[in-house]
Amino acid sequence: MSDLIETEVEPVVTDLDKQLTEPEVNPEMETLRRDLEAAQLELETTKNTLTATATERDRLLLSQLKAEVARENGLPAGVLAGNDRAELEAHAETLKEWQKAQPTRTGPARQSRSGLAGGYMPTLSGRERAAQALRNS
């Protein structure tokens, strides 16, 4: 028998095979594709910035409107709730009506220079009462 020699056979690759496995890359098209991706990213960033700016503007306008309605109605701005002038004014009216219905409170008793409320006299020992009597005479 004859000795068989083993040899490696390289596959034959045709131009058609190269086109199917590795599409031809046009450098100009690749540059345009990258530019398009960059522009899309920039557009998305700009949209997010615009949304955040509009939200902040709306918050500031509402805060300014609350301050104005509160000033017109003699109320602190922090107690008003609502998203537009009509809601804020309606809430201000409700709060003013509620405020009128509350009983009038009197302030605390005026304190004397000694820091004791007027008319209040602490219980004194016999010795303290004698000293007070001497001072008052």
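Rules used in this analysis
- Residues numbered from 1 in each chain as written.
- Predicted model: local features only at pLDDT ≥ 70, side-chain atom pairs only at ≥ 80, totals over all residues.
- Heavy atoms only, no water.
- Salt bridge = Lys/Arg side-chain N within 4 Å of Asp/Glu carboxyl O.
- Buried < 20%, exposed > 50% of the residue type's maximum accessible area, 1.4 Å probe, protein only.
- Helix = DSSP H or I, 4+ residues; strand = E, 2+ residues; numbered from the N terminus.
- Expected span 1.5 Å × (residues − 1).
- Contact = heavy atoms within 4.5 Å.
- Polar contact = N/O pair within 3.5 Å; in protein donor to acceptor, adjacent residues only side chain to side chain.
- Axes fitted to C-alpha atoms, helices over the stretch in contact; angles between N-to-C directions.
- Left-handed = near helix turned anticlockwise from the far one by under 90°.
- Nonpolar A, V, L, I, M, F, W, Y, C, P; charged D, E, K, R; others polar.
- Core = buried A, V, L, I, M, F, W, Y, C linked by side-chain atoms within 4.5 Å.

**Concerning the pattern of salt bridges**
For step 1, the next point in the chain: Tallied over the entire structure, the rule returns 9 salt bridges.
For step 2, the next point in the chain: Of the charged contacts in the structure, one is a salt bridge between Arg 57 and Asp 58, with a shortest N-O distance of 2.7 Å.
For step 3, the next point in the chain: Since its relative accessible area comes to 47%, Arg 57 is described here as partly exposed.
For step 4, the next point in the chain: For Glu 89, the salt bridge goes to Arg 85, with nearest N and O atoms at 2.9 Å. Placement of the pair is Glu 89 and Arg 85 together in helix α3 (residues 85-101), with a separation of 4 residues, close to one helical turn.

**Observations regarding helix α2 (residues 27-73)**
For step 1, the next point in the chain: With 47 residues, α2 should reach 69 Å at 1.5 Å per residue; the first-to-last C-alpha distance of 69 Å fits that figure.
For step 2, the next point in the chain: When we look at burial in α2, the residues that qualify are Val 69, Ala 70 and Asn 73.
For step 3, the next point in the chain: Where α2 is buried, its residues contact α3.
For step 4, the next point in the chain: Near the N-terminus of α2, the side chain that reaches the backbone nitrogen of Glu 28, with its oxygen 3.0 Å away, is that of Asn 26.
For step 5, the next point in the chain: Just downstream of α2 lies Gly 74, where phi reads positive at about 70 degrees.

**Here's the deal with α3**
Residue pairs spaced three or four apart in an α-helix point in one direction, given the helix's 3.6 residues per turn.
For step 1, the next point in the chain: Given a rise of 1.5 Å per residue, 17 residues ought to cover 24 Å, and the 24 Å separating the end C-alpha atoms of α3 matches this to within 8%.
For step 2, the next point in the chain: Between a side-chain oxygen at the N-terminus of α3 and the backbone nitrogen of Ala 86 the separation is 3.3 Å; the capping residue is Asp 84.

**Quick look at the side chain of Asn 73**
For step 1, the next point in the chain: Mapped onto the elements of the fold, Asn 73 is located in helix α2.
For step 2, the next point in the chain: Given the relative accessible area of 16%, Asn 73 is considered buried.
For step 3, the next point in the chain: Polar side-chain contacts of Asn 73 include one of 2.8 Å to the backbone oxygen of Val 69.
For step 4, the next point in the chain: If near-sequence neighbours (up to four positions away) are discounted, Asn 73 is found in contact with Ala 92, Glu 93 and Lys 96.

**A word on the packing of α2 against α3**
For step 1, the next point in the chain: Close contact between α2 and α3 brings their axes to 10 Å; oriented N to C, the two are set at 35 degrees. Along this stretch, α2 crosses α3, giving a crossing that reads as right-handed. Here Leu 62, Leu 65, Lys 66, Glu 68, Val 69, Glu 72 and Asn 73 of α2 lie close against α3, whose contacting residues are Arg 85, Leu 88, Glu 89, Ala 92, Glu 93 and Lys 96.
For step 2, the next point in the chain: Class assignment of the residues belonging to the contact of α2 with α3 gives a composition of 5 nonpolar, 1 polar and 7 charged.

**Describing the nonpolar core**
Across soluble globular proteins, you tend to see nonpolar side chains buried next to one another.
For step 1, the next point in the chain: Of all hydrophobic cores here, the largest spans 6 residues; its members are Val 69, Ala 70, Leu 75, Leu 80, Leu 88 and Ala 92.
For step 2, the next point in the chain: Apart from residues no more than four positions distant in its own chain, Ala 70 is found in contact with Leu 75, Pro 76, Ala 77 and Leu 80.

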